[in-house]
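Structural features, examined
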Amino acid sequence: MKKIVKVFRGVGYLIAFSLILYPVVSNYVNQLHSTTIATDYEQEVSHLSENLENEMIEQAREYNKSLIGISSFIDPFSDTEGIQTEDDVYNNLLKIDDTGMMGYIDIPKLDIVLPVYHGISEKVLQSGVGHLPNTSLPVGGESSHAVLSGHRGLANAKIFTDLNKMEVGDVFYIKVLHHTFAYQVDQILTVLPSETDALQIEKGKDYVTLVTCTPYAVNTHRLLVRGTRIPYEEAKNVDEEVGLHRTIPFYMIILIGGIAAVVIIWIGTKIYSRRKEKVREQKK
């Protein structure tokens with residue numbers, strides 16, 4: 001009987017420990033996968049000639065000019081089925097392979113590196129960040145406003161789960177081909193899905209807005225985190241200053257707390273068992 005109890009107890013510990021570790025391990029695996037995708041992207045880009053790369057950037061900026069004046073945008077999370085645009089011109093801009101990846105985003109504050117894809121189909125949003133059609137491509141330039149969308153709360157990936165932790169002054173980077181564009185958060189809004197005025201292009205401005213659902217798991221509103229373009233070196237200085245004050249990630253706190261709880265329970269169980277054995281010995 002004692003052996004059976006020990007086996008069940010061991011299985012219980014294993015299950016509890018697995019539940020504690022799952023979100024951390026899952027996030028680590030997915031972040032590793034995203035980083036690998038970014039590395040593969042860099043390798044593909046390395047084969048492009050400087051002339052071809054400059055031509056691709058120029059074509060993207062010309063496309064962006066054609067979007068000035070558009071004021072109607074699709075909500076990326078209301079009904080993403082079929083939203084993937086069939087516009088061949090759009091899909092071929094910044095295209096280096098058949099994955100639909102146009103670059104990647106690096107958000108140091110959230111410790112994430114994520115691929116950015118054309119369109120906002122559910123397939124795209126399950127694997128990375130989607131670019132909202134009819135908004136500027138993320139290649140910088142005056143009078144441009146790129147909108148990038150990502151899910152929160154996916155079981156197998158964080159993506160934009162922690163986007164609510166971003167604050168005014170934080171920085172993020174968009175990497176397209178060999179170009180790195182730096183943005184500093186200057187505005188954070190919570191709006192209804194139908195309220196899209198904040199996504200419009202402003203004359204002379206260079207914006208990128210990150211969009212996700214809010215409140216977490218309720219998803220009735222949209223969280224808009226807007227960044228304005230700043231020089232890369234300035235962004236690195238800001239990032240270093242902010243990095244000095246970063247706290248331990250929440251999932252690490254959960255992991256440490258969970259492990260501590262398991263250890264305490266295990267020690268408590270051992271002490272209780274030994275006391276019971278001593279009582280039995282005394283009675284004998």
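Rules of the game
Residues numbered from 1 in each chain as written. Predicted model: local features only at pLDDT ≥ 70, side-chain atom pairs only at ≥ 80, totals over all residues. Heavy atoms only, no water. Helix = DSSP H or I, 4+ residues; strand = E, 2+ residues; numbered from the N terminus. Buried < 20%, exposed > 50% of the residue type's maximum accessible area, 1.4 Å probe, protein only. Contact = heavy atoms within 4.5 Å. Areas by Shrake-Rupley, 256 points an atom, 1.4 Å probe, with all protein chains shown as cover. Patch = residues over 30% accessible without salt bridge, like charges linked within 9 Å, V, L, I, M, F, W, Y side chains within 5 Å. Salt bridge = Lys/Arg side-chain N within 4 Å of Asp/Glu carboxyl O. Lys, Arg positive; Asp, Glu negative; His and termini not counted. Charge placed at Lys NZ, Arg CZ, Asp CG, Glu CD. pLDDT = per-residue confidence, 0-100. Core = buried A, V, L, I, M, F, W, Y, C linked by side-chain atoms within 4.5 Å. Phe/Tyr/Trp six-rings, centres within 6.5 Å; stacked < 30°, edge-to-face > 60°. Lys NZ or Arg CZ within 6 Å of the ring centre and 35° of its normal. Pairing = 2+ DSSP bridges. Axes fitted to C-alpha atoms, helices over the stretch in contact; angles between N-to-C directions.

1. Here's the deal with the overall build of the protein chain
- Along the backbone of the protein chain there are six helices and eight strands.
- In sequence order, the protein chain lays out its α and β elements as α-α-α-β-β-α-β-β-β-β-β-β-α-α.
- The buried share among the 284 residues of the protein chain stands at 41%.
- Intrachain contacts of the protein chain at a sequence separation of at least 6 include 69% that bridge at least 24 residues.
- Accessible surface, the protein chain: about 16000 Å² in total, of which carbon and sulfur atoms supply 57%.

2. A short note on a positive patch on the surface
- A cluster of like positive charges, contributed by Lys270, Arg274, Arg275 and Lys278, occupies part of the molecular surface.
- Considering the arrangement of structural elements, one finds Arg275 in helix α6 (residues 250-283).

3. Some words on the side chain of Asn64
- Along the chain, Asn64 falls in helix α2 (residues 50-65).
- Setting aside its immediate chain neighbours within four residues, Asn64 contacts Ser136, Leu137 and Val139.

4. Here's the deal with the confidence of the model for the protein chain
- Across the protein chain, the average pLDDT comes to 83, with 76% of residues at or above 70.
- Across the protein chain, the element-wise mean pLDDT spans from 63 in helix α1 (residues 2-45) up to 98 in strand β8 (residues 221-230).

5. What to know about the nonpolar core
- Grouped together as the largest cluster of nonpolar side chains are 47 residues, with contacts concentrated most on Ile105, Ile107, Phe160, Phe172, Val176 and Leu210.
- In contact with Ile107, other than residues within four places in its own chain, are Ile112, Phe160, Met166, Phe172 and Leu210.
- In terms of nonpolar packing, the next biggest core, distinct from the first, is built from 11 residues, Val147, Val191, Leu199 and Leu224 among them.

6. Digging into the packing of aromatic side chains
- Applying the stated criterion across every chain yields a total of four aromatic pairs.
- With 6.1 Å between their ring centres and 90° between their planes, Tyr41 and Tyr104 make a pair best called edge-to-face. Of the two residues, Tyr41 is situated in helix α1 and Tyr104 in strand β1 (residues 101-107); the sequence distance between them amounts to 63 residues.
- According to the relative accessible area criterion, Tyr104 is buried, its value standing at 12%.
- Over the face of the ring belonging to Tyr207 we find Arg226, whose NZ or CZ atom lies 3.9 Å from the ring centre.

7. Remarks on the sheet that holds strand β5 (residues 171-176)
- Strand order around the closed barrel formed by eight strands is β1-β2-β3-β4-β7-β8-β6-β5, with mixed pairing between neighbours. In this sheet, neighbouring strand axes are inclined to one another by 30° on average, regardless of whether the strands run parallel or antiparallel.
- In this sheet, strand β2 (residues 112-118) lies alongside β1 in antiparallel orientation, the contact comprising six bridges. Looking at β2, one finds that Met101 is bridged to Tyr117.

8. Topic: the pattern of salt bridges
- Per the counting criterion, the structure on display carries 11 salt bridges.
- Between Glu42 and Lys175 there is a salt bridge, with its nearest N and O atoms 2.9 Å apart. Here Glu42 is found in helix α1, whereas its partner Lys175 is found in strand β5, with 133 residues between them in sequence.
- We classify Lys175 as buried; its relative accessible area is 13%.
- Sharing partners across several salt bridges, the network here consists of Lys109, Glu167 and Asp170.

9. Re the pairing of strand β6 (residues 179-191)
- Relative to β6, β5 runs antiparallel, the two sharing six bridges. Its bridge partner lying in β6, Val176 is registered against His179.
- Alignment of β6 against β8, held across nine bridges, turns out to be antiparallel. For Leu189, the partnering residue across the bridge sits in β8 and is Leu224.

10. Re the pairing of β8
- With seven of 10 residues buried, β8 is to be regarded as a mostly interior element.
- Pairing of strand β7 (residues 206-214) with β8, which is carried by eight bridges, proceeds in the antiparallel orientation. Bridge pairing links Tyr207 to Thr228 in β8.
- Here β7 hands over to β8 after six residues, with Ala217 in that stretch at a positive phi of 70°.

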